[in-house]
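Reading the structure
Residue-level listing of the chains:
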Amino acid sequence: MGFHSVEKIGGTSMSNYAAVRDNVIKRPARDSLYQRIFVVSAYSGITDQLLEHKKTGNPGVFASFANGVQDDSWQDLLGELKAHMFAINSELFPEPQLLASANQFIGCRLEEAERCLADLKKLCQHGHFALEVHLATVREMLASIGEAHSAWNTAKLLQRDGINACFVDLTGWKTSRHMSLDERIEVAFQNLDLDTQLPIVTGYAHTEDGLMSSFDRGYSEMTFSRLAVITGAEEAVIHKEFHLSSADPRVVGDQNAVPIGRTNYDVADQLANLGMEAIHPKAAKGLRQNHIRLRVKNTFEPEHSGTLITSDYVSDTPCVEIIAGCRGVFAIELFDQDMAGNYTQCDTAILDVIQRFRAHVVSKDINANTITHYLSTNLKTVKRICRVLEETFPEAEINQQEVAIVSAIGSDMQVPGLLAKTVGALAEKNISVLAMHQSMRQVDMQFVINEEHWEDAIKSLHQCLVEVHNHGRAICMAV
């Protein structure tokens, strides 16, 4: 297709159309507005309303629907969602005719979804049909509505503003044929001319296997990645509401946090593991294998080149590039005297339970008779996991504790004494290390601490390991 880029716009950025238009669409890396493909997320908060809140777990339409055939609270939530979507449309479209078209488009999808759910509920009241069998399909259908809404709106707004944008719907709404993700992309793009058209593509894509079944909320990044690979993009770009920085500026201060500038996919994977995704690891895999560079930019600072991620980058001087971490992590410790010398079977059984409840494992440690998993999930899920583990291992001692994890990450951290220096920086602030992990790959160090010390730990490590560098160089930066 030529030297084009595939670019993804995050949900928070999407909620500010003027910034997207002026800072992203109208500020191309090259002279032409075209030779670019844009994959868009749903507007901020919409997917939480459609499914469940990503952080709190509060039910959205899907989670409420999944409660059972006798619970109709999902209809109230769907009504609230419709009102919210129409309110977004009212802000975006001052023109009555365009507003009516926008409301008709998303209104039809919501009405069709409501009919499908109501019919399915009625069907599952019959003893031969189980609601659980259909929930994965319901989740896929509901998720698709958010991206269809934002992509349709953005294409129409750009057309209004003089840009030849086109809405590319990968959601498979009312599709009569199931196909793979790659085939759906190929069919959608076979007649598009990137020299004269600017595709605005839904982040959700319908596939025969189900994107959400494999990638859950990371589905839009998988669509983005496969689009870049299949179309042979020169560069993949993600536009977020913030820079990929040396630490969270809200914690260490704007004056101390700096954009990374350059790093590699190993570092991106470590960040994803902590829930601070530059890109989903499975999406990054395709880009890495096809030698497509990834750039992460701040939508609201268009003049900045952002951070370039490649597979071969290693910092000129070994150093720590990022201090990252996650709070609200739960440690589930299982002690069993009979485990000694035979922990593999126990570990497999524990992981099966964790996967059943879809909890994310951030890290784990093992000794002769104890396995501890550090999970990024909510307390309700942790309690459910512990109940099943108590039934599975009746003679084991199971403990849970809420903790936090801080991590020092870099493309090359082979610095003698770095681990001792890091532990020393935490000790100076009277922060006890509950557990510690460092792999031979030398790209990250993880420290498990009490949650109340999380912010002080981030500040201390950033000051000790990052702020000692010359910020004028933007820390190992070589864009």
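Heads up: the structure comes first, above all this text.
Residues numbered from 1 in each chain as written. Predicted model: local features only at pLDDT ≥ 70, side-chain atom pairs only at ≥ 80, totals over all residues. Heavy atoms only, no water.

1. Let's talk about the overall build of the chain
- Scanning the chain from N- to C-terminus turns up 17 helices and 14 strands.
- Expected size for 479 residues packed as a compact globule is a radius of gyration near 23 Å; at 24 Å, the chain falls within 12% of this value.
- Taking the principal axes of the C-alpha coordinates as reference, the chain spans close to 65 × 65 × 35 Å.
- Taking all contacts inside the chain whose residues are at least 6 apart in sequence as the whole, residues at least 24 apart take part in 76%.
- Accessible area of the chain: about 21500 Å², with a carbon and sulfur share of 47%.
- Each charge class in the chain can be summarised by its mean position, and for the 43 positive and 61 negative side chains these summaries are 4 Å apart. (Helix = DSSP H or I, 4+ residues; strand = E, 2+ residues; numbered from the N terminus. Rg over C-alpha atoms; globule rule 2.2 N^0.38 Å. Contact = heavy atoms within 4.5 Å. Areas by Shrake-Rupley, 256 points an atom, 1.4 Å probe, with all protein chains shown as cover. Lys, Arg positive; Asp, Glu negative; His and termini not counted. Charge placed at Lys NZ, Arg CZ, Asp CG, Glu CD.)

2. Some thoughts on the state of the cysteines
- Evaluation of the coordinates by the stated rule reveals 0 disulfides.
- In this model C326 remains outside any disulfide bridge; the closest cysteine sulfur is found in C386, 18 Å from its own.
- Left unpaired, C386 is separated from the closest cysteine sulfur, that of C346, by 16 Å. (Disulfide = S-S within 2.5 Å.)

3. Side note on the pattern of salt bridges
- What the rule picks out here adds up to 22 salt bridges.
- Two residues, R21 and D161, come together in a salt bridge whose shortest N-O distance is 3.2 Å. One end of the pair, R21, is in helix α2 (residues 17–25); the other, D161, is in the loop between α7 (135–160) and β3 (165–168), with 140 residues separating them in the sequence.
- We classify D161 as partly exposed; its relative accessible area is 23%.
- The salt bridge partner of K174 is E112, with a shortest N-O separation of 3.1 Å. Of this pair, K174 sits in the loop between β3 and α8 (181–189) while E112 sits in helix α6 (residues 96–124), placing them 62 residues apart in sequence.
- One network of salt bridges, in which partners are shared, links D48, E52, R139, D216, R217 and R358. (Salt bridge = Lys/Arg side-chain N within 4 Å of Asp/Glu carboxyl O. Buried < 20%, exposed > 50% of the residue type's maximum accessible area, 1.4 Å probe, protein only.)

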